[in-house]
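So the chains spell out like this:
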Amino acid sequence: MDLNRVINLLEKTDKDDLEEKQLNSVKKLVQCYQNGLPLRDLAQIFKILNLCAEKIENQPHFIESAFNILKLCGLPFLKKKVSDEITYAEDTANSIALLGELMKIPNSELRIQICKCIIDFYHAEPPKKHITGYQQANSSYKIKMAEVSGLAKTMVESLTLLENQLVEKLWVLKALQHLSTSEVNCTLMMKAQAAREICAHLNDPDPSGQLLFRSSEILWNLLEKSPKEETIQQLNNLECLLALKEVFKNLFMRGFSHYDRQLRNDILVITTIIAQNPGTPMIECGFTRDLILFATFTEVKSQNPLVKGLKLSNSYEDFELKKLLFNIIVILCKDLPTIQLLVDGKVILALFTYVKKPEKHKIMEWSAAQYEELQLHAIATLSSVAPLLTEEYMLCQGNARVLAFLEWCESEDSLFSHGNSFHGTGGRGNKFAQMRYSLRLLRAMVYTEDETINNDLCEKGTIQQLIGVFKNTISKSNDKEEAIVLEIQSDILLILSGLCEHHIPRKEIFGTEGVDIILHVMKTDPTKLQTGLGYNVLLLSTLDSIWCCILGCYASEDYFLEKEGIFLLLDLLALNQKKFCNLILGIMVEFCDNPKTTAHVNAWRGKKDQTAASLLIKLWRKEEKELGVKRDKHGMIIDTKKPLFTSFQEEQKIMPLPANCPTLAVMDVAENIRAKIYAVLGKLDFENLPGLSAEDFVTLCIIHRYLDFKIGEIWNEICEEIKLEKLRPVNTDKKFLEAITTASENIGKMVASLQSEMIESQAHQDVQNEQKVYTKIQATHKQRELANKSWENFLARTSNAKTLKVPSGRVVTVESTPARLLGGPLADTDIALKKLPIRGGALQKVKAVKTVNESKKSVPT
């Protein structure tokens, strides 16, 4: 069809009978494209649609023409070439954008048809009839072009035109529901304030219920697919929260169908997400008070008309609602003005109704699995709420309730725990989950540092009870429950630390039994620290409990030393794990105040017979390397003016600070372990440290002067600050400052000189040792040569035929000692003719000797 002719015809306005011709041409166009719209013709067809729309105001007959063309837009887009989708992408996007603009035409039928057309984008159907040479465009092509066109934004803007037209509004919401499945569209919708616009009208009258359903679905999509912070910011206002409040109340009080309950829970989740944002006006709109009432009315009877006659069932939706209400209480309590509303709503009392052992033969509104999950959720909620309401906690006898519940958790009472919830993880078939959350609650209360609560706990025997629980978990645990048991043990130690810190009588109660459980943990196989099950946390809790429960109590300290606790601490330190080093060294510093500690530290030996002093010096070198301290290859001082400076201190410029603000030099003391190593070695006596190498002694020179160097650093900072503030000290002060700076630098030079002497001495000693080794090697080689030569001679005598041959010669006459001097029984016998006479090692004198045969063979001598 010649589309240009139709466009030209529609653009003419000077003839009286022109309208009928124009309408007929549009009818022909509609009939021509009944099987789909080719992408190559799309721009012209939409131009025709726009021309028809412009005529509607003065020529109402064109409404039908525009309506029919819009119906064509729901048909498949057709391409002749594979490249058409790319070639005509811009034309397609501009054409689809026109749909949003046409929503401004005040005609209900057209608006609804536009919405239907958009919905059809997401439900593509094949052409009714195949057209030769054409194929259907990709099913997602329309959706992508809709994203590019910005259609979602204009559709949101059209909602302001439809405030009193419910049917059209519902169709627009349905279209937006489809469009909001895309992240791109959600971002565009947020630019048009979609979240605020839709939420504010949630409570508009709608007998069908579609408005609430579709609006909540769109809000969900916006929260999930657009920037969450931006969405919450749009919803975080009084208008939106009032609408959410009224919708939730209506659904809570009057919603009885499965669908109503689901929708009610969705609204509560959206509210919870908004409430997480600080400054949300939940109290101002009255929503907080209503939520607290709805959360507690089944446990604490109320005469409020909102809940009169209401009852929750054990359906899945009501069960989820109960958990959501517990959850939002935790979020609401972070806003301090909410605390009084929590007191008025008796939230603590309501939650404590779950902190008890299950009662037999009692009719319950929840199933066993549901009650267990609610019980754990209630205790978890108490852990967040109770520390803010300590008076109400004590009025409800919270400590007694929790300790009694903990005792039940430890008992042998049969309980089939389902363990099939988030809070029940690791507690299937046992009571470990209940124990874990009870201990979390106790830990939260102890760390409020409220002495009323802590004294009450100690008077009720909590320290002894917790030590007993710890021992029982050791015997009951297995591999499946290892993670939850480790968490329980960590919490027990943290609670004990919180109770015993700064209280010597409580440390005495902790006693040897408490020390034993600490030693048990310290003997854990180091390889388990890498398993990720919680051994690291347990070990940190153990180190904390040494600090809080043992140090300061001499009896416990002595028992710890007696059981080789210092050896175990040094074994842990030798693992060289940075997260433990600082805490262990702090404990070592405090323990060294005990005069018995030094002998234990000096007696310790690590791998390759390493001593404690050598270990500490090695840690110092490693720390300085990580801090970027300048040292040469021998570990000597390079900069005598700044011998301790780290790379961070070098990068930071000195700035004038108020007197109460710590400088970089002071902060450096707390931010690394060098000060603690200095303190420990100082208490061990720098002069008598065993097992050190020359390299260790070089480093020890620096450690020994750590305090002097640090004082020099601080004076240098003072001088720099004076210069920056352009102050001029009086002459006396100036001389003092110069003297102090010079003295500090001289100490650095002295240490550097001492280090040089040590290195030279060691080098000389190394040469001597090397010479000794060479001498020993030479002697060894010579001995080997002699041994080899001796062996060769031996072989020659035993296996070489030439060597074995005896040489022949004449008879030998031997002058010997006279017989009168030695004599002997063989002197005058014939044997002397055959054998040389030997007596007492001397040969007898024989004047003439002849062999038996006359061959004159020689006689061996």
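Residues numbered from 1 in each chain as written. Predicted model: local features only at pLDDT ≥ 70, side-chain atom pairs only at ≥ 80, totals over all residues. Heavy atoms only, no water.

1. Section: the overall build of the protein chain
Then, in step 1: For the protein chain, the helix and strand inventory stands at 43 helices and five strands.
Then, in step 2: Taken against the 2.2 N^0.38 rule, which gives 29 Å for 861 residues, the C-alpha radius of gyration of the protein chain at 48 Å runs more than 25% over that of a compact globule.
Then, in step 3: Expressed as a percentage of the 861 residues in the protein chain, the buried residues total 46%.
Then, in step 4: In the protein chain, the share of contacts with a sequence separation of at least 24, taken over all contacts with a separation of at least 6, comes to 76%.
Then, in step 5: Summed over all atoms, the accessible surface of the protein chain reaches about 45500 Å², with 53% contributed by carbon and sulfur. (Helix = DSSP H or I, 4+ residues; strand = E, 2+ residues; numbered from the N terminus. Rg over C-alpha atoms; globule rule 2.2 N^0.38 Å. Buried < 20%, exposed > 50% of the residue type's maximum accessible area, 1.4 Å probe, protein only. Contact = heavy atoms within 4.5 Å. Areas by Shrake-Rupley, 256 points an atom, 1.4 Å probe, with all protein chains shown as cover.)

2. Some remarks on the nonpolar core
Nonpolar side chains tend to gather and get buried jointly when the protein is soluble and globular.
Then, in step 1: Membership of the largest hydrophobic core comes to 234 residues, with the highest contact counts inside it found for I48, M155, I546, F560, L569 and L681.
Then, in step 2: With ten residues, the single largest contributor to this core is helix α27 (residues 482–500).
Then, in step 3: With sequence-adjacent residues up to four places away left out, I546 is seen in contact with I518, M522, L551, F560, L569, I587 and F591. (Core = buried A, V, L, I, M, F, W, Y, C linked by side-chain atoms within 4.5 Å.)

3. Overview of unusual backbone geometry
Then, in step 1: Here the phi dihedral of K608 falls at roughly 55°; this positive angle occurs in a residue that is not glycine.
Then, in step 2: Its identity is not glycine, yet K726 carries a phi of approximately 55°, on the positive side.
Then, in step 3: Its location among the elements puts K726 in the loop between α39 (706–724) and α40 (731–799).
Then, in step 4: Judged by its relative accessible area of 74%, K726 falls in the exposed class.

4. Observations concerning the packing of aromatic side chains
Aromatic ring pairs: the centre-centre distance and the angle between the two ring planes describe each pair.
Then, in step 1: Under the criterion given, the structure shown has 16 aromatic pairs.
Then, in step 2: Here F326 and Y354 contribute two aromatic rings whose centre-to-centre distance is 5.9 Å and whose plane-to-plane angle is 85°, an arrangement assigned as edge-to-face. On the criterion of sequence distance, the pair formed by F326 in helix α18 (residues 316–332) and Y354 in the loop between α20 (347–352) and α21 (368–385) is long-range, its members being 28 residues apart.
Then, in step 3: According to the relative accessible area criterion, F326 is buried, its value standing at 2%.
Then, in step 4: By way of ring pairs, the aromatic residues F248, F252, F287, F294 and F297 are connected into one cluster.
Then, in step 5: Above the ring of W408, the side-chain terminus of K431 is found at 4.7 Å from the ring centroid.
Then, in step 6: It is R440 that lies over the ring of Y437; its NZ or CZ is 4.8 Å from the centre. (Phe/Tyr/Trp six-rings, centres within 6.5 Å; stacked < 30°, edge-to-face > 60°. Lys NZ or Arg CZ within 6 Å of the ring centre and 35° of its normal.)

5. A closer look at the sheet that holds strand β3 (residues 135–136)
Then, in step 1: Strand order in the open sheet made by the three strands is β1-β2-β3, with mixed pairing throughout. Only two strands of the sheet have a single partner each, and these edge strands are β1 (37–38) and β3. (Pairing = 2+ DSSP bridges.)

6. Here's the deal with helix α26 (residues 462–476)
Then, in step 1: Compared with the 21 Å implied by 1.5 Å per residue over 15 residues, the 21 Å span of α26 between its first and last C-alpha is a close match.
Then, in step 2: Along α26, the positions that sit buried rather than exposed are T462, I463, Q465, L466, I467, V469, F470 and T473.
Then, in step 3: In this structure, the buried residues of α26 make contact with α23 (398–410), α24 (432–446), α25 (451–459), α27 and α28 (504–522). (Expected span 1.5 Å × (residues − 1).)

7. Side note on the packing of helix α31 (residues 565–574) against helix α32 (residues 578–591)
Then, in step 1: The geometry of α31 relative to α32 is characterised by a closest axis approach of 10 Å and an angle of 150° between their N-to-C directions. By the angle class used here, α31 and α32 are roughly antiparallel. In the packing of α31 onto α32, the handedness of the crossing is left-handed. Contacts between α31 and α32 involve I566, L569, L570, L572 and L573 from the former and C581, I584, L585, I587, M588 and F591 from the latter.
Then, in step 2: Grouping the amino acids of the contact of α31 with α32 by side-chain chemistry returns eleven nonpolar, no polar and no charged. (Axes fitted to C-alpha atoms, helices over the stretch in contact; angles between N-to-C directions. Parallel < 35°, antiparallel > 145°, perpendicular 65-115°, else oblique. Left-handed = near helix turned anticlockwise from the far one by under 90°. Nonpolar A, V, L, I, M, F, W, Y, C, P; charged D, E, K, R; others polar.)

8. Thoughts on the environment of K27
Then, in step 1: Assignment of secondary structure puts K27 in helix α2 (residues 18–32).
Then, in step 2: Taking relative accessible area as the criterion, K27 reaches 47% and is therefore assigned partly exposed.
Then, in step 3: Spatially, the C-alpha atoms of K27 and E64 are 9.6 Å apart, while their sequence positions differ by 37 residues.

9. Section: α25
Then, in step 1: Within α25, the full set of buried residues consists of I453, N454, D456, L457 and C458.
Then, in step 2: Tucked inside the fold, the buried residues of α25 contact α22 (390–395), α23, α24, α26, α27 and α28.
Then, in step 3: Here α25 starts with a cap whose side-chain oxygen sits 2.9 Å from the backbone nitrogen of T452, and that cap is D450.
Then, in step 4: Count one or two residues on from α25 and you reach G461, which has phi positive near 75°. (Polar contact = N/O pair within 3.5 Å; in protein donor to acceptor, adjacent residues only side chain to side chain.)

10. So, a nonpolar patch on the surface
Then, in step 1: On the surface, V666, L707, I711, I714, W715 and I718 cluster together to form a nonpolar patch covering roughly 440 Å² of accessible area.
Then, in step 2: When residues in the nonpolar patch are grouped by element, the largest group, five residues, is from α39.
Then, in step 3: Note that I714 resides in helix α39. (Patch = residues over 30% accessible without salt bridge, like charges linked within 9 Å, V, L, I, M, F, W, Y side chains within 5 Å. Salt bridge = Lys/Arg side-chain N within 4 Å of Asp/Glu carboxyl O.)

11. Overview of the pattern of salt bridges
Pairing between side chains becomes possible if they bear opposite charge and their charged atoms approach one another.
Then, in step 1: All told, the structure shown has 33 salt bridges when counted by the stated rule.
Then, in step 2: A salt bridge links K104 to E101; its shortest N-O distance comes to 3.1 Å.
Then, in step 3: Relative accessible area serves as the criterion here: at 55%, K104 is assigned to the exposed category.
Then, in step 4: Note on E101: relative accessible area 38%, which makes it partly exposed.
Then, in step 5: Among the salt bridges present, the one from D318 reaches R264, with a minimum N-O distance of 2.9 Å. Here D318 is found in helix α18, whereas its partner R264 is found in helix α16 (residues 258–275), with 54 residues between them in sequence.
Then, in step 6: Take D318: its relative accessible area is 2%, and that puts it in the buried class.
Then, in step 7: Through salt bridges that share partners, E624, R631, D668, R674, K710 and E713 make up one connected network.

12. Topic: the environment of M655
Then, in step 1: Mapped onto the elements of the fold, M655 is located in the loop between α35 (647–651) and α36 (664–671).
Then, in step 2: Each C-alpha atom, one on M655 and one on L724, is 7.6 Å from the other, the two residues being 69 residues apart in sequence.

13. With respect to the confidence of the model for the protein chain
Then, in step 1: Chain-level pLDDT for the protein chain is 87 on average; 90% of the residues reach the 70-or-more range.
Then, in step 2: Low pLDDT, under 50, characterises residues 826–861; the predicted model gives this stretch 48 contacts beyond four residues in sequence or across chains. (pLDDT = per-residue confidence, 0-100.)

14. Quick look at the side chain of N185
Then, in step 1: Inspection of the secondary structure assignment puts N185 in helix α11 (residues 183–191).
Then, in step 2: If we ignore the near neighbours within four places in the chain, the residues touching N185 are Y122, A146, E147, A152 and L179.

15. Let's talk about the side chain of R214
Then, in step 1: Looking at the element boundaries, R214 is found in helix α13 (residues 210–225).
Then, in step 2: No salt bridge is formed by the buried R214; its nearest oppositely charged neighbour, D206, is found at 8.0 Å.
Then, in step 3: If sequence neighbours within four positions are ignored, R214 has contacts with L170, L173, K174 and Q177. (Lys, Arg positive; Asp, Glu negative; His and termini not counted.)

16. Some thoughts on the state of the cysteines
Then, in step 1: On inspection of all chains with the given rule, the structure shows zero disulfides.
Then, in step 2: Of all cysteine sulfurs, the one in C199 lies closest to C240, which takes part in no disulfide; the gap is 4.0 Å.
Then, in step 3: Summary of cysteine pairing: C409 is not part of a disulfide, and the nearest cysteine sulfur, belonging to C396, is at 19 Å. (Disulfide = S-S within 2.5 Å.)

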